[in-house]
Amino acid sequence: MDDPAEQPHRRRGQRRRAAISALVRAVLVVAGLVTVYYVLPLDGRGTTGDSVLLACGLLLVVVVFWWQVRAIVTSSHPRLKAIEALAATLALFLLLFAGAYFLLEHTTPGSFSEPLTKTDSLYFTLTTFTTVGYGDIAARSQTGRVLTMIQMTGGLLLVGVAARILAGAVQAGLRRQGREPSDDFPTRRKD
């Protein structure tokens, strides 16, 4: 029979292993997506094909996000699953726009203030998403500016709305298990 005094220690160990597993999975998913981005042969197909590809990619981001939300609600560790979901969704979103910028520059040269490699495209995407905007790369064409505005709007939605949806999914997952949000992180009582 298990020693009741060891149960809290065992649970902490299980939570620690679950946290490490979630972190490793998130890193592997992001690394896999970045690898696919760099290995994928992105060649200019023309603006119509690129627009369809972007629309399908955005739809894929939404589908992956909703699939992850469902997984959070049924997960035994909803908070950890939410971190994985955010990493996967965010990476997919950013890499999708990096690919779109790369394709735009190669189908319509001069769309940006300098020619873009895949790394330059990812750099521009990240500086736009983080609102740092160093100004060294800028969209010059109308299509480039519209695409950048779509990314900005999508980024705001991802940060605001998606974060709220993920938080709600975590709460639903915890309620499904009969736990309160503070159950994962025990605190000392103040008397």
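Predicted model only: the values in this text are computed from it and were never measured. (Residues numbered from 1 in each chain as written. Predicted model: local features only at pLDDT ≥ 70, side-chain atom pairs only at ≥ 80, totals over all residues. Heavy atoms only, no water.)

Before going further, it helps to examine the packing of aromatic side chains. Taken as a whole, this structure holds nine aromatic pairs when the rule is applied. For the ring pair Tyr37 and Tyr38, a centre distance of 5.0 Å and an interplane angle of 75° mean the geometry is edge-to-face. Among the residues examined, Tyr37 registers a relative accessible area of 4% and is labelled buried. According to the relative accessible area criterion, Tyr38 is partly exposed, its value standing at 36%. Chaining the aromatic ring pairs together yields one cluster made of Phe93, Phe97, Tyr101, Phe112, Phe124 and Phe129. The ring centre of Tyr37 lies 5.9 Å from the NZ or CZ of Lys118, which sits over that ring. Its end group placed over the ring of Phe102, Lys118 keeps NZ or CZ at 5.9 Å from the ring centre. (Phe/Tyr/Trp six-rings, centres within 6.5 Å; stacked < 30°, edge-to-face > 60°. Buried < 20%, exposed > 50% of the residue type's maximum accessible area, 1.4 Å probe, protein only. Lys NZ or Arg CZ within 6 Å of the ring centre and 35° of its normal.)

As a volume, the largest pocket reaches approximately 420 Å³. The wall of the largest pocket is formed by 18 residues, among which Leu40, Leu42, Leu53, Leu95 and Leu96 lie closest to the centre. Every element with two or more residues in the lining of the largest pocket is listed here: α1 (7-39), α2 (47-74) and α3 (78-107). Here the lining of the largest pocket takes six residues from α3, the largest share from any one element. Empty space within the second largest pocket amounts to approximately 320 Å³. Around the second largest pocket, the lining comprises 15 residues; the ones closest to its centre are Val61, Val62, Gly154, Leu157 and Leu158. Of all elements in the fold, only α2, α3 and α5 (142-176) reach the threshold of two or more residues within the lining of the second largest pocket. (1 Å grid on protein atoms, 1.4 Å probe; cavity = no way out; pocket = protein on both sides within 12 Å on 5 of 7 lines; lining within 4 Å. Points joined across faces, edges and corners; volume = space filled by probe spheres on them. Helix = DSSP H or I, 4+ residues; strand = E, 2+ residues; numbered from the N terminus.)

You can see Trp67 is positioned in helix α2. Considered as a pair, Trp67 and Ala85 are 18 residues apart in the sequence and their alpha carbons are 9.0 Å apart.

Once that is clear, we can look at the packing of α1 against α3. At a minimum axis separation of 9 Å, α1 and α3 run at an interaxial angle of 10°. As the angle between them shows, α1 and α3 are arranged roughly parallel. Contact residues: Ala18, Ala19, Ala22, Arg25, Ala26, Val29, Val30, Leu33, Val34 and Tyr37 in α1; Leu80, Glu84, Ala87, Ala88, Ala91, Leu92, Leu95, Ala98 and Gly99 in α3. Residues belonging to the contact of α1 with α3 are distributed by class as follows: 16 nonpolar, one polar and two charged. (Axes fitted to C-alpha atoms, helices over the stretch in contact; angles between N-to-C directions. Parallel < 35°, antiparallel > 145°, perpendicular 65-115°, else oblique. Contact = heavy atoms within 4.5 Å. Nonpolar A, V, L, I, M, F, W, Y, C, P; charged D, E, K, R; others polar.)

Close inspection of predicted coordinates is inappropriate in any region flagged by low pLDDT. Averaged over all residues, the pLDDT of the protein chain equals 86, while 88% of them reach at least 70. The weakest mean pLDDT in the protein chain belongs to α2 at 85; the strongest belongs to helix α4 (residues 118-129) at 96. Ignoring residues within four places in sequence, the model shows residues 183-191, a span with pLDDT below 50, making eight contacts including any to other chains. (pLDDT = per-residue confidence, 0-100.)

What follows is about the nonpolar core. Core analysis: the biggest nonpolar cluster contains 28 residues, and Ile72, Tyr101, Phe112 and Leu147 have the highest contact counts within it. Put simply, the parts of the chain that give this core at least two residues each are α2, α3 and α5. When residues of this core are assigned to their parent elements, the largest contribution, 10 residues, is made by α3. Beyond its immediate sequence surroundings of up to four residues, Leu147 is in contact with Leu54, Phe97, Ala100, Tyr101 and Leu104. (Core = buried A, V, L, I, M, F, W, Y, C linked by side-chain atoms within 4.5 Å.)

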